[in-house]
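Working through the structure, step by step
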Amino acid sequence: MNLIAAVDKNWGIGYQNRLLVRIPADMKSFQEMTRGKVVVMGRRTLESLPNGLPLDGRENLVLTANPDYRVRHALLAYSVEEALQTLEQYRSEDIYVIGGESIYREFLPYCQTAHITKINQTYDADAFFPNLDELPEWKITADSEEQTYFDLEYYFLRYEKEIR
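The structure contained in this document is the topic of the report that follows. As the structure is a prediction and not an experimental result, all values here were calculated from the model.

This part is about the sheet that holds strand E3 (residues 18-19). Read from one edge to the other, the open sheet built from three strands follows the order E3-E2-E9, with strand pairing classed as antiparallel. Each end of this open sheet is capped by a strand with a single partner; those strands are E3 and strand E9 (127-128). As paired elements, strand E2 (residues 12-15) and E9 share two bridges and run antiparallel to each other. Residue pairing for E9: Gly 12 is matched across the bridge by Phe 128.

If you want it as structure tokens, here you go:
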């Protein structure tokens, strides 16, 4: 399984259920990587998407603790265990965990690869991605040249978990 996120210097990912910044090349990379794949997200992440609707061209799996929650054109799971059972029917490399904070933390142990857009900036954030640089089993296996968007510098990084 994969994780995919854009993070700031402090591994911040969001503020008040919104992305910290929108970088067109990052959005394009996200779309290219996840199109035709399975995306796993929490209810609040789904509700933060345009019109609160599932992403087109992808199988959407939404985790929620609310058994009465309904959303069209998405699979629902009410626990990590139920989500993992549902995901068994898909190839692991075709699954992308897309947030939010608690979903990233809950699925981190099941993931092998993390696609991180690392933004060389610090923002006010109230949601964070686990700091992979502090986790010894995670190593950077690919990185891009410095990218820029106006005055922002960022990098596309791929982290992979070492199997011990």
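Having seen the model, we can carry on.
Before going further, it helps to spend a moment on helix H1 (residues 24-34). Restricting attention to buried positions, one finds in H1 the residues Asp 26, Ser 29, Phe 30 and Thr 34. Projection of H1 onto a plane perpendicular to its axis shows the buried side chains occupying an angular sector of 110°, all on one side. Opposite its buried face, H1 presents the exposed residues Lys 28 and Glu 32, each directed more than 90 degrees away. Of the surrounding secondary structure, the elements contacted by the buried residues of H1 are strand E1 (2-7), strand E4 (38-42), strand E7 (95-99), strand E8 (113-119) and strand E12 (152-161). Looking at the residues trailing H1, positive phi occurs at Gly 36, about 80°.

Here we come to the pairing of E2. With two bridges connecting them, E2 and E3 associate as antiparallel partners. Within E3, the residue paired with Gly 14 across the bridge is Leu 19. Hairpin geometry of E2 and E3 is characterised by an intervening segment of two residues between the two adjacent antiparallel strands and by a positive phi of about 50° at Gln 16.

This paragraph deals with helix H3 (residues 80-87). Residue pairs spaced three or four apart in an α-helix point in one direction, given the helix's 3.6 residues per turn. Along H3, the positions that sit buried rather than exposed are Val 80, Ala 83, Leu 84 and Leu 87. All buried residues of H3 fall inside an arc of 100° around its axis, so they share one side. Counted as exposed and oriented over 90 degrees from the buried face of H3: Glu 81 and Gln 85. On its buried face, H3 is in contact with E4, strand E5 (59-63), strand E6 (75-77), E7 and helix H4 (101-107).

This part covers the pattern of salt bridges. In this structure the tally under the stated criterion is eight salt bridges. Between Asp 94 and Lys 37 there is a salt bridge whose closest N-O contact spans 3.3 Å. Residue Asp 94 is located in the loop between H3 and E7, and its partner Lys 37 is located in the loop between H1 and E4; the two are separated by 57 residues in the primary sequence. Judged by its relative accessible area of 16%, Asp 94 is buried. The class of Lys 37 is partly exposed, set by a relative accessible area of 24%. With a closest N to O distance of 3.2 Å, Arg 158 and Glu 160 form a salt bridge. Relative accessible area serves as the criterion here: at 32%, Arg 158 is assigned to the partly exposed category. Connected via shared salt-bridge partners are Lys 37, Arg 91, Glu 93 and Asp 94.

Cut-off values and rules
- Residues numbered from 1 in each chain as written.
- Predicted model: local features only at pLDDT ≥ 70, side-chain atom pairs only at ≥ 80, totals over all residues.
- Heavy atoms only, no water.
- Pairing = 2+ DSSP bridges.
- Helix = DSSP H or I, 4+ residues; strand = E, 2+ residues; numbered from the N terminus.
- Buried < 20%, exposed > 50% of the residue type's maximum accessible area, 1.4 Å probe, protein only.
- Arc of directions from axis to C-beta.
- Contact = heavy atoms within 4.5 Å.
- Salt bridge = Lys/Arg side-chain N within 4 Å of Asp/Glu carboxyl O.

Just geometry here; none of it tells us what the structure is for.
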